Amino acid sequence: MVLLVTEKQADRPMPTLTVPEIPAAMREARLHGIRSVKIFAESARRDATGEISLVPDALMARAVRAAKDAEPDLAVMTETCLCSYTDSGLCYVTDVRGRPDIPATVDVTARQAVAHAVAGADIVGPASMVLGTTQGARTALNDQGYGSVSVMPHVIFWSSLYEGFRRTMGATPKAGVDREFQINPGKPEQFIDAALQLVQDGADMLLLEPAMFTADVLTHLKQHTRAPLFPFSVSGEYTALTSLDAKTGRRDVRRLIELFTMLKRAGADASVTYAALDIARQLSG
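Residues numbered from 1 in each chain as written. Predicted model: local features only at pLDDT ≥ 70, side-chain atom pairs only at ≥ 80, totals over all residues. Heavy atoms only, no water.

Labelled according to an unreviewed UniProt entry, the protein chain appears under the name Delta-aminolevulinic acid dehydratase, originating from Streptomyces iranensis. What the UniProt record of the protein chain gives under Catalytic activity (unreviewed entry) is the line "2 5-aminolevulinate = porphobilinogen + 2 H2O + H(+)". (UniProt positions renumbered as here; feature names shortened; annotations may be inferred.)

**A few points about unusual backbone geometry**
Here Glu-209 and Pro-210 are connected by a cis peptide whose omega angle stands at -10°. You will see that Met-129, though not glycine, has its phi angle at about 65°, which is positive. Position of Met-129 relative to the elements: it lies in the loop between strand 4 (123-126) and helix 4 (133-143). (Helix = DSSP H or I, 4+ residues; strand = E, 2+ residues; numbered from the N terminus.)

**Description of the side chain of Thr-78**
Checked against the element boundaries, Thr-78 lands in strand 3 (residues 75-80). Residues contacting Thr-78, with those up to four places away along its chain left out, are Lys-38, Ile-39, Met-60, Val-64, His-116, Ala-121, Ile-123, Val-124 and Gly-125. (Contact = heavy atoms within 4.5 Å.)

**Here's the deal with the layout of surface pockets**
By volume, the largest pocket is sized at about 740 Å³. Forming the walls of the largest pocket are 26 residues, and the residues nearest its centre are Ile-34, Arg-35, Ala-270, Ser-271 and Val-272. A breakdown of the residues in the lining of the largest pocket according to their chemical character gives 17 nonpolar, six polar and three charged. Along the walls of the second largest pocket sit 16 residues, with Pro-15, Tyr-238, Tyr-274, Leu-277 and Asp-278 positioned nearest its centre. Its residues placed into classes, the lining of the second largest pocket shows 10 nonpolar, two polar and four charged. (1 Å grid on protein atoms, 1.4 Å probe; cavity = no way out; pocket = protein on both sides within 12 Å on 5 of 7 lines; lining within 4 Å. Points joined across faces, edges and corners; volume = space filled by probe spheres on them. Nonpolar A, V, L, I, M, F, W, Y, C, P; charged D, E, K, R; others polar.)

**Describing helix 7 (residues 215-222)**
The set of residues buried in helix 7 consists of Val-217, Leu-218 and Leu-221. Viewed end-on, helix 7 has its buried residues packed into an arc of 105°, placing them on one side of the element. (Buried < 20%, exposed > 50% of the residue type's maximum accessible area, 1.4 Å probe, protein only. Arc of directions from axis to C-beta.)

**Focus: the nonpolar core**
The nonpolar side chains of a soluble globular protein tend to be buried, and buried together. Judged by nonpolar contacts, the single largest core of 51 residues is most densely connected at Phe-40, Val-155, Phe-191, Leu-206, Leu-208, Phe-232 and Tyr-274. Among the elements that take part in this core, helix 9 (residues 254-266) stands out by supplying five residues, more than any other. Beyond its immediate sequence surroundings of up to four residues, Val-155 is in contact with Met-129, Ile-183, Phe-191, Ala-195, Leu-198, Leu-206, Leu-207, Leu-208 and Glu-209. Core analysis: the second largest hydrophobic core is formed by 39 residues, Ile-52, Ala-137, Val-149 and Val-151 among them. (Core = buried A, V, L, I, M, F, W, Y, C linked by side-chain atoms within 4.5 Å.)

**Looking at the UniProt feature "binding site: Zn(2+)" (unreviewed entry) in the protein chain**
Feature annotation in UniProt assigns "binding site: Zn(2+)" (unreviewed entry) to the following positions: Cys-81, Cys-83 and Cys-91. Among the annotated residues just listed, those that line the largest cavity are Cys-81, Cys-83 and Cys-91. Along the chain, the position of Cys-81 falls in the loop between strand 3 and helix 3 (102-119). The buried category is assigned to Cys-81, whose relative accessible area is 4%. Each residue touching Cys-81, except ones within four places of it in the same chain, is listed here: Cys-91, Gln-112, Ala-127 and Ser-128.

See below:
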């Protein structure tokens, strides 16, 4: 299950929750047999380095604490990234010339991973695909006594399917700048190489996205790594493959169920989706 957490409710492309609404969602997740929840949180305050994400009262920290307090036995996964905290909307820190500052990005991402662990996260997810962030997170967690917290980096193909998430969470890069470190969808071998390198860097599991475009690389990776593989069905898949019944208020998720069935055949250990509760409700009748 995926939760988008914002400071206040507003008209946004994707459904969101505020912190006081998290406990009820967690309780319903447990009742339906959902075992883990992935949390994204935005920040109304931004800076050039993303270090605003490290303060103890950051929205992500409050959201994680609310989730764990409500249902301690459910695993909480976090998005360990900077795009909702930098004033540029970028996933990385830039230098004075506007170029990616890799050491600075690795440093702040590692400290962010520890901040999430301190709040109670069970799994942290370096998402920028900047080389070194996975290893940096693993080392920082070990050094700070959080060796039991897992690291699940994202492996991402370029896609237009993220626009709903970006607009909802204020994570749209400045004009003309794309996600430089994501992978050309025409280069599956590069995706596979990056995934296997992340395992060598200390990844305990991998999040593959967008889910509907990963079946081929998923099948290959299943043969070459024992790391659990989790396709992530992103915002564009949620909006394109589901529909809301105006009369009943229920969401039709049949096409997503078909997608996840195919991905399970391809080797997915589980799928991550915004529609987890809707699917659980439908499957339970």
